[in-house]
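Residue-level listing of the chains:
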Amino acid sequence: MLAPPPTLKLDEWTWATATRDGTSITVRPLRADDERREIAFIESLSEQTRYFRMFTPLKYLSPQLLSQFMDVDYDRRMALVATVGAGDQEMFVGVARYGSTDRQEQAELGVTVTDAWQRRGIATILIGALMRFARSHGFHELAGMVLPENHAMLALARSLSFTIEHDPAGHIMKISRRLDDSL
Ligand SMILES: CC(C)(COP(=O)(O)OP(=O)(O)OC[C@H]1O[C@@H](n2cnc3c(N)ncnc32)[C@H](O)[C@@H]1OP(=O)(O)O)[C@@H](O)C(=O)NCCC(=O)NCCS
């Protein structure tokens, strides 16, 4: 993982907020010292949640995949995490990330909220913040691929004004949203 560029103040992207049921969470950028928390987060996910996010049940987290998850540069590749607890007890409950694509000004979204914390508004908070971050780093579109049976993600995308298209060739749904100045 690269160090954040000196012009980026991580504190400006770190804040305390609350889930819909009033539980305190912190939203912040992923950091180089988060590897242990990232592993625990992946291990906390149900098989279905892993499958919906990665399109495979992911029984084993390889060192390569872990380093891919930790590989953010705070510009072209970014991840925001939602955490609960502090110090040694801090743990991830949600992660939203993007990476640039081969289409100019487009980033691809990935988001996961661990099962016990779903349906409390965490993905909505994370994606909202990630869209603002992406916009402020020159991206004009956030896109993603969703399995057709992933009703939760499709409903979430709809609630966030993403356009949803069926790609029959890939048996996949493509979601996309313009990132405009109103974010
Ligand atoms: C999809 C996912 C990220 C949603 O996270 P979340 O924190 O539970 O989402 P939110 O609480 O912000 O939900 C916002 C809205 O999305 C919709 N939604 C979310 N989960 C839903 C579900 N299980 N069923 C129906 N609608 C759902 C609802 O409209 C919801 O608003 P509401 O609760 O007021 O009705 C989570 O279910 C998840 O991690 N799934 C597995 C990974 C995945 O599918 N990632 C997407 C591929 S990139």
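The structure displayed is predicted, hence computed values, not measured ones. (Residues numbered from 1 in each chain as written. Predicted model: local features only at pLDDT ≥ 70, side-chain atom pairs only at ≥ 80, totals over all residues. Heavy atoms only, no water.)

**Student:** What is the right way to read the overall build of the chain from this model?
**Tutor:** Scanning the chain from terminus to terminus reveals five helices and eight strands. Tracing the chain from N to C terminus, the helices and strands come up as β-β-α-α-α-β-β-β-α-β-α-β-β. Principal-axis analysis of the C-alpha atoms places the extent of the chain at approximately 45 × 35 × 35 Å. By residue count, 46% of the 183 residues in the chain fall in the buried class. (Helix = DSSP H or I, 4+ residues; strand = E, 2+ residues; numbered from the N terminus. Buried < 20%, exposed > 50% of the residue type's maximum accessible area, 1.4 Å probe, protein only.)

**Student:** It is not clear to me how the site of the ligand should be interpreted in this structure. Could you clarify?
**Tutor:** As a matter of local geometry, the ligand sits amid 20 residues, with Val111, Arg119, Gly121, Thr124 and Asn150 nearest to it. The contact in question runs from an oxygen atom of the ligand to an N or O atom on the side chain of asparagine 150, over 2.6 Å. For the ligand, whose accessible area on its own is 920 Å², the fraction buried by protein is 80%. When contributions to the shell around the ligand are tallied by element, the ones reaching two or more residues are helix H2 (47-54), strand E5 (106-113), helix H4 (122-136) and helix H5 (151-159). A per-class count over the shell around the ligand returns nine nonpolar, seven polar and four charged. (Near = heavy atom within 4 Å. Polar contact = N/O pair within 3.5 Å; in protein donor to acceptor, adjacent residues only side chain to side chain. Areas by Shrake-Rupley, 256 points an atom, 1.4 Å probe, with all protein chains shown as cover. Nonpolar A, V, L, I, M, F, W, Y, C, P; charged D, E, K, R; others polar.)

**Student:** Help me understand the packing of aromatic side chains, please; the structure alone is not making it clear to me.
**Tutor:** Aromatic ring pairs: the centre-centre distance and the angle between the two ring planes describe each pair. One pass over the structure, following the stated rule, counts five aromatic pairs. Pairing tyrosine 98 with phenylalanine 139 gives two aromatic rings, centres 5.1 Å apart and planes at 65°, and the pair type is edge-to-face. With tyrosine 98 in strand E4 (residues 91-100) and phenylalanine 139 in the loop between H4 and strand E6 (141-146), this residue pair connects regions lying 41 residues apart in the sequence. The exposure classification of tyrosine 98 matches that of phenylalanine 139, with both residues buried. In textbook terms, an aromatic cluster arises when at least three aromatic residues are bridged by ring pairs, as seen for Trp13, Tyr98, Phe133 and Phe139. Taking NZ or CZ as reference, arginine 120 lies 4.3 Å from the ring centre of tryptophan 117, over its face. (Phe/Tyr/Trp six-rings, centres within 6.5 Å; stacked < 30°, edge-to-face > 60°. Lys NZ or Arg CZ within 6 Å of the ring centre and 35° of its normal.)

**Student:** It is not clear to me how the nonpolar core should be interpreted in this structure. Could you clarify?
**Tutor:** One broad rule of soluble globular proteins: the nonpolar side chains tend to lie buried together. Residues Tyr98, Ile127 and Phe162 are the most contacted members of the largest nonpolar core, which totals 48 residues. When residues no more than four places from it in sequence are discounted, the contact partners of tyrosine 98 are Asp75, Arg76, Arg77, Met78, Ala107, Glu108, Leu130, Phe133, Ala134, His137, Phe139 and Leu142. Counting five residues, the second-largest nonpolar core is a separate cluster that includes Ile42, Met54, Leu58 and Leu65. (Core = buried A, V, L, I, M, F, W, Y, C linked by side-chain atoms within 4.5 Å. Contact = heavy atoms within 4.5 Å.)

**Student:** Got a minute to help me understand the pairing of E4 in this structure?
**Tutor:** The side chains of a regular strand alternate between both faces of the sheet. Summarising burial for E4: eight of the 10 residues are buried, a large majority. The antiparallel hairpin formed by strand E3 (residues 77-84) and E4 contains six residues in its connecting segment, where glycine 85 sits at a positive phi of about 80°. As paired strands, E4 and E5 are joined by seven bridges and run antiparallel to one another. Within the sheet, the bridge partner assigned to glycine 94 lies in E5 and is valine 113. (Pairing = 2+ DSSP bridges.)

**Student:** Is there a simple way to explain the sheet that holds strand E7 (residues 163-167) in this structure?
**Tutor:** Taking strand neighbours across the sheet as the criterion, the eight strands line up as E1-E2-E3-E4-E5-E6-E8-E7 in an open arrangement whose pairing is mixed. Here the strands that pair on one side only, and so sit at the sheet edges, are strand E1 (15-18) and E7. If you compare each strand with its neighbour and ignore which way they point, the axes differ by 25° on average. Relative to E5, H2 is tilted by about 180°, and along the sheet it contacts E4 and E5. (Axes fitted to C-alpha atoms, helices over the stretch in contact; angles between N-to-C directions.)

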